[in-house]
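Listed below are the residues making up each chain.
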Amino acid sequence: MDRNRLTMLTDFYEITMANGYFEHGLKDKICYFDMFFRRVPDKGGFAIMAGIEQVIDYIKALSFTQEDIAYLRSRGIFCEEFLQYLQDFRFVCDVWAIPEGTPIFPGEPILTVRGPAIQAQFIETMILLSVNHQSLIATKANRVVRAADGRQVMEFGSRRAQGYDGAIYGARAAYIGGCAGTACTICGSELGIPALGTMAHSWVQMFENELDAFKAYAQTYPHDCTLLVDTYDTIHSGIPNAIKAFDEVLKPLGCRPKGVRIDSGDITYLSKKARKLLDEAGYEDCKIVASNSLDEYIIRDMIIQGAQVDSFGVGERLITAASDPVFGGVYKLVAVEENGTIAPRIKISENVAKITNPCYKIPWRLYDRDTGKAIADVITLYNETIDDSEPYEIFDPEHIWKRKTVSNFRAVKLQVPLFENGTCVYDRKSIKEIRRYCEEQLDTIWDEVKRFEYPHEYYVDLSQPLWDEKQRLLCEACAAQG
């Protein structure tokens, strides 16, 4: 299987619907689809957008091979004219998205597609797959990084990821979310993410004794020596032998140790004892690294309890977002073009949370000019403008009596164009630029929204014209049902 060709990575219904659109004369009908999500994982206050560059790469490579066509023909359910259309396929949609690294909130369109029905529907799976996965991991990583309170966090999860793509793109998302680097080497060579690592317990076990193992490693990497000290006994063996290796190998070379890593036991207790022993031996600058099934809650508690840890390696619970492993983004039709106008579409459900916001829309973020902090997001109709030179009224779309007039603010459209008529117009950023942008954007979010428990609800409001249009459609649907 050619893993670089992902055209057929799609739900089968997208192909059956495409054939149906073709046969019923709808293949060129212009449609608008939004991707959005309904809740933040781990009951957090915000999520982080990620995965856009993989969507772009997928769309740029969209084409059907003879093997693809032959497989679809073998199913015996697709007309030959449709198969010929796929053979001559050329992507012509417009795509907009909120940039990677931006804090995002439930209900707002984080990605919008405009184009022929067949094409706009066909790319649904890969959009959801890429953005859901990486936004989930970037969000989880940022929670872990914030819990570390300024201490470095390294992503150590490759061997626990769900497949190699999960390892690679999970590491990418974790770096965007704030991790300092990854243990995944290919992410260093291919994506430019700092590849970090020390040794495994097997290194220590390969030698006659722990001291010989430490001395051999120090001789090999005198300028980058971090020793794993918990293979046998952290306090009574590991740290004393590490100090001997530092004294006997590094000191004569004029080098200083980089650190020691503790990977088991009560790390908070062990780190305090290790810190005392290292300081007494004159290695106050030797860092202590902690790993072993960590997450944001364990890290936070360790710090509260006084753990003497300088950095953390976080693996399985980060790379799989184990505490809440589904992002839940969805992709819904919101409008179609009919007789030269954009006609809204709405999905109605007995589950109120699943009622969609109709229409071709634009998400905005309002920033306070004095503090630079985000006040709220507002979703407007595509042809509306928020004039930030004048006061603007926002209101809760569910409890409309809750209204507030804001002034002295700056209004910014959140989405940027990715494709225009099928041509990529996105200016790609380096992974370091995306990470830096994420840090800057997170500074605009109030600390109250960043709380792990019961965060302040950040409001995503509808403009009055959009709210009115949604109510009109809901009333019409109710009247039609009698």
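Residues numbered from 1 in each chain as written. Predicted model: local features only at pLDDT ≥ 70, side-chain atom pairs only at ≥ 80, totals over all residues. Heavy atoms only, no water.

(A) Inspection of the overall build of the protein at higher detail. Regarding its fold elements, the protein presents 16 helices and 21 strands. Taken over the C-alpha atoms alone, the protein extends approximately 85 × 60 × 40 Å along its principal axes. Burial statistics for the protein: of 482 residues in total, 52% are counted as buried. Within the protein, counting contacts between residues at least 6 apart in sequence, those at least 24 apart form 73% of the total. Accessible surface, the protein as shown: approximately 22200 Å² in total, 50% of it carbon and sulfur. Counting 54 positive and 69 negative side-chain charges, the protein places the averaged centre of each group 2 Å from the other. (Helix = DSSP H or I, 4+ residues; strand = E, 2+ residues; numbered from the N terminus. Buried < 20%, exposed > 50% of the residue type's maximum accessible area, 1.4 Å probe, protein only. Contact = heavy atoms within 4.5 Å. Areas by Shrake-Rupley, 256 points an atom, 1.4 Å probe, with all protein chains shown as cover. Lys, Arg positive; Asp, Glu negative; His and termini not counted. Charge placed at Lys NZ, Arg CZ, Asp CG, Glu CD.)

(B) The arrangement of the nonpolar core in detail. Counting residues in hydrophobic clusters, the biggest one holds 131 residues, and the most contacted among them are Phe82, Ile123, Leu227 and Phe246. In terms of residue count, helix H6 (residues 124-147) provides more of this core than any other element does, 10 residues in total. Once you skip the residues sitting within four places of it in the chain, Leu227 turns out to touch Met199, Phe214, Tyr217, Ala242, Ala245, Phe246, Gly259, Val260 and Arg261. By size, the runner-up hydrophobic cluster in this structure holds 11 residues, among which are Trp364, Val378, Val406 and Phe409. (Core = buried A, V, L, I, M, F, W, Y, C linked by side-chain atoms within 4.5 Å.)

(C) Geometry of the state of the cysteines. This model, assessed by the stated rule, comprises 0 disulfides. No disulfide involves Cys225; its nearest neighbouring cysteine sulfur is the one of Cys286, lying 8.3 Å away. Here Cys225 falls in the buried class, since its relative accessible area comes to 0%. Looking at the unpaired Cys478, the closest cysteine sulfur is the one in Cys475, lying at 6.5 Å. By relative accessible area, which is 51% here, Cys478 ends up exposed. (Disulfide = S-S within 2.5 Å.)

(D) Inspection of the pairing of strand E3 (residues 94-97) at higher detail. The side-chain alternation of E3 yields two buried faces, one formed by Asp94 and Trp96 and the other by Val95 and Ala97. In the sheet, E3 pairs with strand E5 (residues 111-116) via 4 bridges, with the strands oriented antiparallel. Paired with Ala97 across the bridge in E5 is Leu111. Pairing between E3 and strand E19 (residues 416-420): 3 bridges, direction antiparallel. The partner of Val95 across the bridge, within E19, is Phe419. (Pairing = 2+ DSSP bridges.)

(E) Main features of the sheet that holds strand E21 (residues 460-462). Sheet architecture is open: 4 strands sit in the order E18-E14-E15-E21, paired in mixed fashion. Taken across any chain shown, the strands that pair with only one partner, and hence form the sheet edges, are strand E18 (409-413) and E21. Taken over all neighbouring pairs, the strand axes of this sheet differ in orientation by 30° on average, direction set aside. Relative to E18, strand E14 (residues 361-368) runs antiparallel, the two sharing 5 bridges. Bridge pairing links Arg365 to Val412 in E18. (Axes fitted to C-alpha atoms, helices over the stretch in contact; angles between N-to-C directions.)

(F) Spotlight on helix H15 (residues 431-442). With 12 residues, H15 should cover 16 Å at 1.5 Å per step; its first-to-last C-alpha distance of 17 Å lies within 8% of that length. Along H15, the residues that are buried comprise Ile431, Ile434, Arg435, Cys438, Gln441 and Leu442. The buried side chains of H15 occupy one side of the element, clustering within an arc of 125° when seen end-on. (Expected span 1.5 Å × (residues − 1). Arc of directions from axis to C-beta.)

(G) Structural context of the pattern of salt bridges. Per the stated rule, a full pass over the model turns up 34 salt bridges. Two residues, Arg39 and Asp324, come together in a salt bridge whose shortest N-O distance is 3.0 Å. Here the residue Arg39 occupies a position in the loop between strand E1 (30-36) and strand E2 (47-48), and Asp324 occupies one in the loop between helix H14 (316-319) and strand E12 (330-338), the gap between them amounting to 285 residues. Looking at Arg39, the relative accessible area reads 44%, which means it is partly exposed. Residue classification places Asp324 among the buried positions, given a relative accessible area of 14%. Ionic pairing is found between Asp57 and Arg428, a salt bridge with its closest N-O pair at 2.7 Å. Remark: Arg428 occurs in the loop between strand E20 (423-424) and H15 and Asp57 occurs in helix H2 (residues 52-60); sequence separation between them is 371 residues. Exposure remark for Asp57: the relative accessible area of 35% places this residue in the partly exposed category. When salt bridges with common partners are traced through the structure, they connect Glu53, Asp57, Glu100, Arg172 and Arg428 into a single cluster. (Salt bridge = Lys/Arg side-chain N within 4 Å of Asp/Glu carboxyl O.)

(H) Summary view of the environment of Phe312. Considering the arrangement of structural elements, one finds Phe312 in strand E11 (residues 311-314). When the C-alpha atoms of Phe312 and Glu155 are compared, they prove to be 8.6 Å apart, with 157 residues separating the residues in sequence. Contacts of Phe312, omitting those with residues within four sequence positions, involve Ala148, Arg151, Gln152, Val153, Met154, Ala290, Leu294, Ile299, Met302 and Ile303.

(I) Looking closely at the side chain of Lys450. Relative to the helices and strands, Lys450 resides in the loop between H15 and E21. Apart from residues lying up to four places away in sequence, Lys450 is in contact with Phe46, Arg146, Leu442, Asp443 and Ile445.

(J) Structural view of H2. Of all 9 residues in H2, 7 are buried; the element is thus mostly enclosed. Turning to H2, its buried residues are Ile52, Glu53, Gln54, Val55, Ile56, Tyr58 and Ile59.

(K) Structural detail: the side chain of Glu469. Take Glu469: it is sitting in helix H16 (residues 464-480). For Glu469, a relative accessible area of 19% gives the class buried. Side-chain polar atoms of Glu469 contact the side chain of Arg472, separated by 2.6 Å. Those residues in contact with Glu469 that lie beyond four places of it in its chain are Pro344 and Cys359. (Polar contact = N/O pair within 3.5 Å; in protein donor to acceptor, adjacent residues only side chain to side chain.)

Everything listed here is a matter of coordinates, which is why it stays silent on function.
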